[in-house]
Amino acid sequence: MEVRLASGLQKDSIVDGSGIRTVIWFQGCLHHCYMCHNPETWDLNGGIVFDLDDIKEEIKNLKYQSGITLSGGDPFFQAESATEIAKYAHECNLNVWCYTGFTYEELIEADDDKKNLLKNVDVLVDGRFENEKKSLACKFRGSTNQRIIDVPKSIEQGDIVLLYED
Ligand code: SF4
């Protein structure tokens, strides 16, 4: 299987989720938020095509990382490949954060591929970037409408459980 990424893996990030993380920048996003920080990742046919096995190999060899973060772009536009990556990261004892322009409510009503990705994510940072709600005080997110969601607990309780309440 292949995956289209904006760039290679970025190790040692401390701003894309808790702990020290490796970020995987997915190519492709159709949300087109005003003042998006990464418009070059919008084109679904842009970026670089990687073999999923090569990405897994890089994940297997990671050292001193708390987990991986799926970002972009929006990983939910390549949900099947992103699910494979998330599952493999868990096999390697790495937790999985995922950034998306979709809301949690949209994803639990979405197609099977998107729902499957959601189920394989530990923490979801959801919602489009809203420039009028931009805040530098927001932990790990760009605007105050975005939420940091504990996905397993939210699924279990049938309601949104936030990881941070700031
Ligand atoms: S969801 Fe993220 S990558 Fe997509 S347009 Fe909005 S800010 Fe940009």
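Residues numbered from 1 in each chain as written. Predicted model: local features only at pLDDT ≥ 70, side-chain atom pairs only at ≥ 80, totals over all residues. Heavy atoms only, no water.

1. Topic: the site of the ligand
Neighbouring the ligand are the residues Cys29, His31, His32, Cys33, Cys36, Trp42, Gly73, Gly101 and Phe129. Of all the cavities here, the one that holds the ligand is the largest pocket. Split into classes, the residues belonging to the shell around the ligand amount to 5 nonpolar, 4 polar and no charged. (Near = heavy atom within 4 Å. 1 Å grid on protein atoms, 1.4 Å probe; cavity = no way out; pocket = protein on both sides within 12 Å on 5 of 7 lines; lining within 4 Å. Sits in = over half its atoms within 2 Å of the grid points. Nonpolar A, V, L, I, M, F, W, Y, C, P; charged D, E, K, R; others polar.)

2. Some words on the pairing of strand E6 (residues 95-99)
The buried fraction of E6 is high, at 4 of 5 residues. The parallel pair strand E5 (residues 67-71) and E6, bridged by helix H2 (residues 79-91), forms a crossover whose chirality is right-handed. (Buried < 20%, exposed > 50% of the residue type's maximum accessible area, 1.4 Å probe, protein only. Helix = DSSP H or I, 4+ residues; strand = E, 2+ residues; numbered from the N terminus. Right-handed = clockwise from strand over helix to strand, strands pointing away.)

3. Focus on the sheet that holds strand E8 (residues 147-150)
Ordered by their spatial adjacency, 6 strands build an open sheet running E2-E3-E5-E6-E7-E8, and the pairing between neighbours is mixed. Edge strands, defined here as strands with exactly one partner in the open sheet, are strand E2 (10-13) and E8. The average undirected angle you get between the axes of adjacent strands in this sheet is 25°. (Pairing = 2+ DSSP bridges. Axes fitted to C-alpha atoms, helices over the stretch in contact; angles between N-to-C directions.)

4. Observations concerning the packing of aromatic side chains
Overall, the coordinates contain 4 aromatic pairs when judged by the stated rule. Between Trp97 and Phe140, the ring centres sit 5.4 Å apart and the planes meet at 85°, which makes this aromatic pair edge-to-face. Here Phe140 lies in the loop between strand E7 (123-126) and E8 and Trp97 lies in strand E6, a separation of 43 residues in the sequence. Take Trp97 and Phe140: they sit in the same class, and that class is buried. The exposure class assigned to Phe140 is buried, which follows from its relative accessible area of 17%. Put simply, the rings of Phe76, Phe77 and Phe102 touch in pairs and so form one group of aromatic residues. The ring of Tyr164 has Lys139 lying over it, and the distance from NZ or CZ to the ring centre is 4.3 Å. (Phe/Tyr/Trp six-rings, centres within 6.5 Å; stacked < 30°, edge-to-face > 60°. Lys NZ or Arg CZ within 6 Å of the ring centre and 35° of its normal.)

5. Quick look at the pattern of salt bridges
Applying the stated criterion across every chain, the model contains 6 salt bridges. A salt bridge links Glu84 to Lys56, with the shortest nitrogen-to-oxygen separation between them at 3.7 Å. With Glu84 in helix H2 and Lys56 in helix H1 (residues 52-60), the pair connects residues that are 28 residues apart, well separated along the chain. Where Asp111 meets Lys114, a salt bridge forms, and the shortest distance between an N and an O atom there is 3.2 Å. Using a relative accessible area of 39% as the deciding quantity, one classes Asp111 as partly exposed. (Salt bridge = Lys/Arg side-chain N within 4 Å of Asp/Glu carboxyl O.)

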